[in-house]
Amino acid sequence: RLGPRLRLRLRLKSFWVIMAVNRFFILSPRGDTIISKQYRGDAEPGAADAFFRTVKFWEEGDAPPVVEIGGTNYLYVKKGGLILAVSPTLNPEP
């Protein structure tokens, strides 16, 4: 059982992780958007589609886990055929 201090600390850590993410989406293997959430209103429409096309048709085999598209970096992982991707608020170098 977690004590109140540990619960508060975990809650604060998850808050900061959410605040560091600008966009979050889950894509199907065909590129359909299953879940999409924008935490700031400055996201381009169709960003998930552009991301999927870039990752799907990567020239040298599999795309790296950090991809830059139009000046925006995306971090993603493939799990169970789904693609889980985030775009951070701060744009780290790949």
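Preceding this section is the structure that the text describes.
Attention in this report is confined to the structure presented alongside it. On a predicted model such as this, the values are computed, not experimentally measured, just so you know.

Along any regular strand, the residues point their side chains to alternate faces of the sheet. With burial as the criterion, only one face of strand β3 (residues 66-69) is covered, namely that bearing V67 and I69; the residues V66 and E68 on the opposite face remain uncovered. Counting the residues in the hairpin turn of β3 and strand β4 (residues 72-79) gives 2 residues, including G70, whose phi is positive at 60 degrees.

Turning to the environment of G81, a few remarks are in order. As for its placement among the helices and strands, G81 is situated in the loop between β4 and β5 (82-88). Residue G81 is classed as partly exposed on the basis of its relative accessible area of 43%. Along the backbone, G81 and R30 are 51 residues apart, and their C-alpha atoms lie at a distance of 9.5 Å. In this structure, G81 is in contact with S28 and P29, ignoring residues within four places of it in sequence.

To continue, consider the pairing of β5. When strand β1 (residues 21-27) meets β5, the two strands line up antiparallel, connected through 6 bridges. Residue pairing across strands places V21 opposite P88, the latter belonging to β5. Pairing of β4 with β5, which is carried by 5 bridges, proceeds in the antiparallel orientation. Each residue of the ladder has a partner; that of K79, found in β5, is L82. Hairpin geometry of β4 and β5 is characterised by an intervening segment of 2 residues between the two adjacent antiparallel strands and by a positive phi of about 60 degrees at G80.

Here is what the cut-offs are and how they apply
Residues numbered from 1 in each chain as written. Predicted model: local features only at pLDDT ≥ 70, side-chain atom pairs only at ≥ 80, totals over all residues. Heavy atoms only, no water. Buried < 20%, exposed > 50% of the residue type's maximum accessible area, 1.4 Å probe, protein only. Helix = DSSP H or I, 4+ residues; strand = E, 2+ residues; numbered from the N terminus. Pairing = 2+ DSSP bridges. Contact = heavy atoms within 4.5 Å.

By themselves, these observations are geometric and do not establish any function.
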